[in-house]
Amino acid sequence: MGKTAYVNGQFVDMQAAQVNIEDRGYQFADGAYEVCTVANGRLLDGDPHVRRLHRSLAELKIPAPDLDIRELLLETAQRNQVDWGIVYIQVTRGVAPRNHAFPDTLTPAVVITSRPLDYQPVLAGASQGKKVITTPEIRWRRCDIKSISLLPNILAKQQAREAGAFEAWFVTDEGEVTEGSSTNAWISNAGTVVTHPASHAILNGIVRQTLIELMENAGIRVEQRPFTLEEAKWADGAFVTSTTACVTPVSHIDDTTLGDGSVDTTVQHIASLYRDYIYAAAE
Ligand SMILES: Cc1ncc(COP(=O)(O)O)c(C=O)c1O
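Description of the structure in this document. (Residues numbered from 1 in each chain as written. Predicted model: local features only at pLDDT ≥ 70, side-chain atom pairs only at ≥ 80, totals over all residues. Heavy atoms only, no water.)

Moving on: empty space enclosed by the protein. Scanning the entire structure with this criterion turns up three cavities of 30 Å³ or more. By volume, the largest cavity amounts to about 50 Å³. Every residue along the wall of the largest cavity is listed here: Gly-129, Asp-236, Gly-237, Ala-238, Pro-249, Val-250, Ser-251, Leu-258, Ser-262, Val-263, Asp-264 and Val-267. Elements supplying a minimum of two residues to the lining of the largest cavity: β14 (237–242) and β15 (246–253). Of all the elements, β15 adds the most residues to the lining of the largest cavity, at three residues. Here the lining of the largest cavity is composed, by residue class, of six nonpolar, four polar and two charged. (1 Å grid on protein atoms, 1.4 Å probe; cavity = no way out; pocket = protein on both sides within 12 Å on 5 of 7 lines; lining within 4 Å. Points joined across faces, edges and corners; volume = space filled by probe spheres on them. Helix = DSSP H or I, 4+ residues; strand = E, 2+ residues; numbered from the N terminus. Nonpolar A, V, L, I, M, F, W, Y, C, P; charged D, E, K, R; others polar.)

Here we take up the sheet that holds strand β4 (residues 42–43). In space, the six strands of this open sheet follow the order β2-β1-β6-β5-β3-β4, with antiparallel pairing throughout. In the strand order of this sheet, the two ends are held by β2 (10–13) and β4, each with one partner. Contacting β1 (4–7), β2, β3 (31–39), β4, β5 (85–92) and β6 (109–116), helix α3 (residues 69–79) runs over the sheet at an angle of about 45 degrees to β6. (Pairing = 2+ DSSP bridges. Contact = heavy atoms within 4.5 Å. Axes fitted to C-alpha atoms, helices over the stretch in contact; angles between N-to-C directions.)

Tracing the backbone shows Tyr-88 in strand β5. The exposure class of Tyr-88 is partly exposed, given its relative accessible area of 24%. Remark: the alpha-carbon pair of Tyr-88 and Thr-76, spanning 12 residues in sequence, is separated by 9.3 Å. What Tyr-88 contacts, discounting residues up to four positions off in sequence, is Tyr-33, Glu-34, Val-35, Val-111, Ile-112, Thr-113 and Ile-148. Of note is the side chain of Tyr-88, whose polar atom sits 2.7 Å from the side chain of Gln-90. (Buried < 20%, exposed > 50% of the residue type's maximum accessible area, 1.4 Å probe, protein only. Polar contact = N/O pair within 3.5 Å; in protein donor to acceptor, adjacent residues only side chain to side chain.)

When a strand is regular, its side chains alternate between the sheet's two faces. Here strand β11 (residues 192–195) shows no split at all, with Thr-192 and Val-194 on one side and Val-193 and Thr-195 on the other all buried. Where strand β10 (residues 184–189) meets β11, four bridges bridge the pair, whose relative direction is antiparallel. Bridging across to β11, Asn-189 finds its partner in Thr-192. In this structure, the hairpin formed by β10 and β11 is closed by a connection of two residues, where Ala-190 is found at a positive phi of approximately 50 degrees. Pairing of β11 with strand β12 (residues 221–224), which is carried by four bridges, proceeds in the parallel orientation. Each bridged residue has a counterpart across the sheet, and for Val-194 the counterpart in β12 is Glu-223. For the crossover from β11 across helix α6 (residues 206–217) to β12, the handedness is right-handed. (Right-handed = clockwise from strand over helix to strand, strands pointing away.)

On to unusual backbone geometry, then. Its identity as a non-glycine residue notwithstanding, Asp-45 has a phi of 55 degrees, on the positive side. Overall, Asp-45 belongs to the buried group, its relative accessible area being 16%.

Residue placement: Ala-238 occurs in strand β14. With a relative accessible area of 1%, Ala-238 lands in the buried category. Distance from Ala-238 to Trp-140, taken between C-alpha atoms, is 25 Å for residues 98 residues apart in sequence. The contact partners of Ala-238, leaving out residues within four places of it in the chain, are Trp-169, Trp-186, Ile-187, Pro-249, Val-250, Leu-258 and Val-267.

Glancing now at the nonpolar core. The tendency in soluble globular proteins is for nonpolar side chains to be buried side by side. In this structure, Leu-211, Met-215, Phe-239, Ile-270, Tyr-274 and Ile-278 are the most contacted members of the largest nonpolar core, which totals 28 residues. Of all the elements in the fold, those that place two or more residues in this core are β3, α4 (119–124), α6, β15 and α8 (265–282). Of all the elements, α8 adds the most residues to this core, at seven residues. Inspection of this core shows a minimum of three residues originating in each of domain 1 (4–117) and domain 2 (123–282). What Leu-211 contacts, discounting residues up to four positions off in sequence, is Trp-186, Phe-239, Thr-241, Val-247, Ile-270 and Tyr-274. By size, the runner-up hydrophobic cluster in this structure holds 22 residues, among which are Val-38, Ile-62, Val-82 and Ile-89. (Core = buried A, V, L, I, M, F, W, Y, C linked by side-chain atoms within 4.5 Å. Domains from an automatic or database assignment.)

Moving on, we get to α6. Look at α6: 17 Å from first C-alpha to last across 12 residues, which is about the 16 Å you get at 1.5 Å a residue. Those residues of α6 lying buried are Ile-206, Val-207, Arg-208, Thr-210, Leu-211, Ile-212, Leu-214 and Met-215. Gly-219 sits one or two positions beyond α6 and adopts a positive phi of about 80 degrees. (Expected span 1.5 Å × (residues − 1).)

By themselves, these figures tell us nothing about what the structure is for.
Structure (structure tokens):
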């Protein structure tokens, strides 16, 4: 069966889908996006994702499309027969002759796609940690906006791939870890978990927000403060979170092995909290 995309008001065969070459998303990466988990045919944390999309659009001065986004995300997953997977939405400012300044009359362009993803290995894989490398933080000062403008992120991820690593962590001139190229960054030390506070320096991940609540309910101490790379290298454990990575343990940061290289028990516990959360939502 061919894949179906929602494109500006219609569901179309992806092979035949078209966008205007003067769409400002194409010309300027002028837009915002979301990636949401589909768990057994249901949207996981659909409302927080839609709220964050609206927030990103408002910060970019893009009018929110007058659509039931939650419904359209679900329908796109259903039309693609995605039971477990992701649904992607991007909203760009619209079509106009190329000019940095934008008219305020544009109609935002909306594209939604969905694809299957086998969450089982991701959720079961908490017994082994992965490697992260570090790279200088060169991004703009509004990383809280989920913008489709991702050049530093894709270059960092590519650097990680070429180094045989799972992720790259951005490190500021002051030596602080902000987040990964497509994940939030966490460390665990003596049972306390530390992650960068939600500020303009990071994307406030939906998994991050969910997990903070789950950890607090489970009595795990969470500190939302910046941590340095040095502190991370001495930590008992570390992990990254995102919609597709869920809770992925980290065993190596650059050439440093964390602890004895096995997954810290607190990190294992946190991974199991998120696994239980997804499976409960999928029932
Ligand atoms: C830069 C960045 N940080 C964090 C995240 C994690 O966000 P979420 O948990 O909402 O998937 C992402 C996800 O794409 C990201 O791109």
